[in-house]
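Chain residues, written in single-letter form:
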Amino acid sequence: MRARESGIPLTGEPGRWNAITDVPGVEVGYVTLCEGDDVRTGVTALLPRGRNGVGLPCAAGWHSFNGNGEMTGTAWIEESGSLAVPVLITNTYAVGPVHRGVVEWVRANCGGMAPEWLLPVVTETWDGHLNDIHGTAVRSDHAAAAIDAAASGPVAEGCVGGGTGMRCYGFKGGSGTASRVVEYGDDRYTVGAFVQANFGARRELVVAGVPVGLELPDRPGPAPDGVRQVPPGAGSVIVVVATDAPLLPGQCKALARRVTLGLARTGTTGSHFSGDIFLAFSTANESALNSTFPSDDDDGAPYESMRFVPWGRMDPFYGAVVESVEEAVLNVLTGAHSMTGRAGHHVRALPLDRLSELLAARGVPTR
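Attention in this report is confined to the structure presented alongside it.

Thresholds applied
- Residues numbered from 1 in each chain as written.
- Predicted model: local features only at pLDDT ≥ 70, side-chain atom pairs only at ≥ 80, totals over all residues.
- Heavy atoms only, no water.
- Salt bridge = Lys/Arg side-chain N within 4 Å of Asp/Glu carboxyl O.
- Buried < 20%, exposed > 50% of the residue type's maximum accessible area, 1.4 Å probe, protein only.
- Helix = DSSP H or I, 4+ residues; strand = E, 2+ residues; numbered from the N terminus.
- Pairing = 2+ DSSP bridges.
- Contact = heavy atoms within 4.5 Å.
- Axes fitted to C-alpha atoms, helices over the stretch in contact; angles between N-to-C directions.
- Parallel < 35°, antiparallel > 145°, perpendicular 65-115°, else oblique.
- Left-handed = near helix turned anticlockwise from the far one by under 90°.
- Phe/Tyr/Trp six-rings, centres within 6.5 Å; stacked < 30°, edge-to-face > 60°.
- Lys NZ or Arg CZ within 6 Å of the ring centre and 35° of its normal.
- Disulfide = S-S within 2.5 Å.
- Polar contact = N/O pair within 3.5 Å; in protein donor to acceptor, adjacent residues only side chain to side chain.
- Nonpolar A, V, L, I, M, F, W, Y, C, P; charged D, E, K, R; others polar.

### Some points on the pattern of salt bridges
Side-chain pairs of opposite charge can arise whenever the charged atoms involved come near each other. Within this structure, the stated rule accounts for 14 salt bridges. In this structure, Arg-139 and Asp-141 form a salt bridge, with 2.9 Å as the shortest nitrogen-oxygen distance. Taking relative accessible area as the criterion, Asp-141 reaches 38% and is therefore assigned partly exposed. The network of salt bridges with common partners includes Arg-4, Arg-180, Glu-323 and Glu-327.

Right under this line is the structure:
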């Protein structure tokens, strides 16, 4: 069940699927790995322009709210302001094989991209409570499979893809998404957010402005063998924001910074032990921001141009990010199911009936 379906009041107009895939061209694919007692992990692929658009740059920017995590390829995004590769999300120790898998997929499927130069964007959150994170369950071919599975349309949420083994506010976490429509003059643009949520202490959880986490007792399970019990709030959150509005790279970076406010609406104060890293891109201006090798066939000294929303008109897009991120996190919590994994460790889903009671007691009806 999604947050809106459960009756949680939310602001803003969502797109058709209320997902990042409402942004034309964006595709999402998963590989979910649930094997035996110890494997609860996976890989998520987000393709800014779909499989056929890999190699065509998007204006992009990123932001680290708390850097206790990893997102590869960000030095080049900062330098060039562009993103031309799939974005992959997995667990902390699977970044290496997934990174290699992206390289192999591009070499096999995108002959037009320079095979001698590729900087994949692979990012992660820690699923070591439910998953044997030191194992080798995630392989490079899983990255390729997630890319091949990418599609537009409705997006599965909860315990899927890279979010399979994650926790959020002490409950079962995972993958979630939402979108907002922004009217700009005669045009209508979409802002979409995708979240891999593995963050937040239970006491912090806020839903529809109500601090429900204070009324939901925390009963932490034992730590995995050989691993200390992580502090409440540890784990990390990755957020990818997409829009079809024409934006400059610096404006994409500004969108990425606003992710922090959307997360804050759900209660987090930003744990030191959480890697909170965000990426935003615009699919407009398709022909701009190319960074191909110069060719002897180049005609003189070419120029590029970009169309963009004036900085002074950016506020509606900032609001759309905040609303989309808040709802995406709630979609994680309402969409995930309880899960048992490594060494019998169990993480229960957010109790929706109890949530409804707590909201109603504060005058927030959910039906």
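### With respect to the pairing of strand S3 (residues 58-67)
In regular strands, side chains alternate between the two faces of the sheet. Most of S3 sits out of view: seven of its 10 residues are buried. Two strands pair when backbone bridges link them, and S3 and strand S4 (residues 82-83) are joined in this way by two bridges, in the antiparallel orientation. Bridging across to S4, Ala-59 finds its partner in Ser-82. Sheet topology note: the S3/strand S12 (residues 275-282) ladder contains eight bridges and is antiparallel. Within the sheet, the bridge partner assigned to Ala-60 lies in S12 and is Phe-281.

### Re the sheet that holds S3
Strands sit in the order S4-S3-S12-S11-S10-S9 across an open sheet of six strands; the sheet is mixed. Each of the sheet's edge strands pairs with one partner strand only, and the pair in question is S4 and strand S9 (174-184). Against the sheet, helix H4 (residues 249-265) engages S3, strand S11 (237-243) and S12, with an angle of about 40° to S3. Each of S9, strand S10 (187-197) and S11 touches helix H5 (residues 315-335); the most contacted strand, S9, lies at about 155° to it.

### Considering the sheet that holds strand S2 (residues 39-47)
Remark on secondary structure: sheet strands pair via backbone hydrogen bonds, oriented parallel or antiparallel. If you walk across this open sheet you meet the four strands as S1-S2-S5-S6, and the pairing is mixed. The sheet terminates laterally at strand S1 (27-35) and strand S6 (121-125), the two strands that pair on one side only. Strand-to-strand twist across the sheet, computed as the mean angle between neighbouring axes with direction ignored, equals 15°. Sitting on the sheet, helix H3 (residues 140-149) is in contact with S1, S2 and strand S5 (87-91), with an inclination near 135° to S1.

### Examining the packing of helix H2 (residues 95-109) against H3
Contact pair H2 / H3: the axes reach a minimum separation of 7 Å and the direction vectors enclose 55°. Taken as axis vectors, H2 and H3 run oblique relative to one another. Crossing hand, H2 versus H3: right-handed. In contact with Pro-97, Val-98, Arg-100, Gly-101, Val-102, Glu-104 and Trp-105 of H2, H3 contributes Ser-140, Ala-143, Ala-144, Ile-147 and Asp-148.

### Some remarks on the packing of aromatic side chains
The geometry of an aromatic ring pair is captured by the separation of the ring centres together with the interplanar angle, meaning the angle of the planes. According to the stated counting rule, one finds four aromatic pairs in the structure shown. Summarising the aromatic geometry, the rings of Tyr-30 and Phe-194 are spaced 6.4 Å apart at their centres and angled 45° between planes, so their arrangement reads as tilted. Of this pair, Tyr-30 sits in strand S1 while Phe-194 sits in strand S10, and the two are 164 residues apart along the sequence. A relative accessible area of 0% places Phe-194 in the buried class. Ring geometry for Tyr-184 against Phe-317: centres 6.2 Å apart, planes inclined by 50°, an arrangement best described as tilted. Of this pair, Tyr-184 sits in strand S9 while Phe-317 is found in helix H5, placing the two residues 133 residues apart along the sequence. For Tyr-184, a relative accessible area of 22% gives the class partly exposed. Over the aromatic face of Phe-171 sits the side chain of Arg-202, whose NZ or CZ is 3.8 Å from the ring centroid. We note Arg-258 situated over the ring of Tyr-318; from NZ or CZ to the ring centre the distance is 3.7 Å.

### Some words on the state of the cysteines
Taken as a whole and judged by the stated rule, the model has zero disulfides. You can see Cys-34 has no disulfide; the closest cysteine sulfur is in Cys-159, sitting 7.8 Å from it. Residue classification places Cys-34 among the partly exposed positions, given a relative accessible area of 45%.

### A few points about the environment of Asn-18
One can find Asn-18 in the segment before S1. Taking C-alpha positions, Asn-18 is 28 Å from Thr-92, a pair spaced 74 residues apart along the chain. Setting aside anything within four residues of it in sequence, one finds Asn-18 in contact with Arg-2, Arg-4, Thr-177, Ala-178, Ser-179, Arg-180 and Glu-327. A distance of 2.8 Å separates a polar atom in the side chain of Asn-18 from a polar atom in the side chain of Glu-327.

### A word on the packing of H4 against H5
Contact geometry of H4 with H5 gives a least axis separation of 7 Å together with a crossing angle of 45°. Regarding the angle of H4 to H5, the classification is oblique. Between H4 and H5 the crossing geometry is right-handed. Residues Ala-254, Leu-255, Arg-258, Val-259, Leu-261, Gly-262, Leu-263 and Arg-265 of H4 touch H5, and the partners they reach there are Phe-317, Tyr-318, Val-321, Val-322, Glu-323, Val-325, Glu-326 and Val-329. Partitioning the contact of H4 with H5 into residue classes produces 11 nonpolar, one polar and four charged.

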